[in-house]
Amino acid sequence: MNIIENETNDFKWYDMSTGLRAVQLSYVISWAFENNIENEKLLKLLNMVHLHLEHLSSPELRGRGNHLFFQMHGILAICENVPIMAACEEAQKYAYNHFDAELSNQFKSDGMHVEHSPGYHTYVSFVLNNLYKSNWYSGELGQKIEKPLSLIPYLFHPNGNMVLIGDTEHDDPNLYNKLHQNVRYFTSDGSLGQPPS
């Protein structure tokens, strides 16, 4: 039970935080299996994982935008780290399908994020790149995020300031220099990486 000041917490199943919590929980239960944790505790953990998988797989609770990416990643984390879950076969298909569909919703064919905010474009590209590093996704995702990543250098002025459009704030380009060879070139004054075409 998730209680705050004697009242139920309405945000305990908030879309993005549930996805993030599912990832952490999946690693905890994987550790519990490896370390032969007593059955009673293991059953409690499995029940928690089951509840998270159930919530994350519910179409009515599906978020939008980058929140959905975290939700679907939570499903994949559970199914990769706790493969004994019976619901995983269908849940994984659900996660991949919605992840892919949202990716198409968020980026136009030229690779730019639909919000036209350099800060948001860079943030979402950064998130997707980190999720891809889990190795739970096909190489097709890597190809799809390549174009948005390659556009990041064009979202900064020559002096290193990010172009302030939409809800963009000043961001240090060095935060993103590992995202793409083009970004590395830009942040190293041309001494590393590859120049944009």
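Just so you know, these numbers come straight off a predicted model, no measurement behind them.

Overview of the overall build of the protein chain
Here is step 1: For the protein chain, the helix and strand inventory stands at seven helices and two strands.
Here is step 2: In sequence order, the protein chain lays out its α and β elements as β-β-α-α-α-α-α-α-α.
Here is step 3: Counted over contacts in the protein chain with a minimum sequence separation of 6, partners at least 24 positions apart contribute 58%.
Here is step 4: As displayed, the protein chain has an accessible area near 11,400 Å², and 52% of this comes from carbon and sulfur atoms.

A look at the pattern of salt bridges
For side chains of opposite charge, pairing can occur when their charged atoms come near one another.
Here is step 1: Per the stated rule, a full pass over the model turns up three salt bridges.
Here is step 2: With a shortest N-O distance of 2.3 Å, Asp100 and Lys144 are connected by a salt bridge. Of the two residues, Asp100 is situated in helix H4 (residues 88–106) and Lys144 in helix H6 (residues 139–150); the sequence distance between them amounts to 44 residues.
Here is step 3: Relative accessible area serves as the criterion here: at 32%, Asp100 is assigned to the partly exposed category.
Here is step 4: Looking at Lys144, the relative accessible area reads 31%, which means it is partly exposed.
Here is step 5: Counted as one network, the salt bridges with shared partners bring together Asp100, Glu140 and Lys144.

Brief notes about the environment of Pro118
Here is step 1: Assignment of secondary structure puts Pro118 in helix H5 (residues 118–132).
Here is step 2: Expressed as a C-alpha distance, the spacing of Pro118 and Tyr154, which sit 36 residues apart in the sequence, is 9.0 Å.
Here is step 3: For Pro118, the contacting residues outside a window of four places in its chain are Leu155, Met162, Val163, Ile165 and Thr168.

Describing the packing of aromatic side chains
Here is step 1: Tallied over the full model, the rule gives two aromatic pairs.
Here is step 2: With centroids separated by 6.3 Å and ring planes inclined at 45°, the aromatic side chains of Tyr120 and Tyr123 adopt a geometry described as tilted. Placement of the pair is Tyr120 and Tyr123 together in helix H5, with a separation of three residues, close to one helical turn.

With respect to H5
Here is step 1: Taking 1.5 Å per residue as the helical rise, H5 with its 15 residues ought to reach 21 Å, and the 21 Å between its terminal C-alpha atoms agrees with that figure.
Here is step 2: Taking burial as the measure, the 15 residues of H5 include 11 buried ones, the bulk of the element.
Here is step 3: Along H5, the positions that sit buried rather than exposed are Pro118, Gly119, Tyr120, His121, Thr122, Val124, Ser125, Val127, Leu128, Asn129 and Leu131.

Some words on the layout of surface pockets
Here is step 1: The calculated volume of the second largest pocket comes to roughly 160 Å³.
Here is step 2: As for the second largest pocket, its lining consists of Tyr96, Phe99, Asp100, Leu103, Tyr137, Ser138, Glu140, Leu141 and Lys144.
Here is step 3: Going through the elements one at a time, H4 and H6 are the ones with two or more residues in the lining of the second largest pocket.
Here is step 4: Here the residues of the lining of the second largest pocket sort into five nonpolar, one polar and three charged.

Each value, and the rule that gives it
- Residues numbered from 1 in each chain as written.
- Predicted model: local features only at pLDDT ≥ 70, side-chain atom pairs only at ≥ 80, totals over all residues.
- Heavy atoms only, no water.
- Helix = DSSP H or I, 4+ residues; strand = E, 2+ residues; numbered from the N terminus.
- Contact = heavy atoms within 4.5 Å.
- Areas by Shrake-Rupley, 256 points an atom, 1.4 Å probe, with all protein chains shown as cover.
- Salt bridge = Lys/Arg side-chain N within 4 Å of Asp/Glu carboxyl O.
- Buried < 20%, exposed > 50% of the residue type's maximum accessible area, 1.4 Å probe, protein only.
- Phe/Tyr/Trp six-rings, centres within 6.5 Å; stacked < 30°, edge-to-face > 60°.
- Expected span 1.5 Å × (residues − 1).
- 1 Å grid on protein atoms, 1.4 Å probe; cavity = no way out; pocket = protein on both sides within 12 Å on 5 of 7 lines; lining within 4 Å.
- Points joined across faces, edges and corners; volume = space filled by probe spheres on them.
- Nonpolar A, V, L, I, M, F, W, Y, C, P; charged D, E, K, R; others polar.

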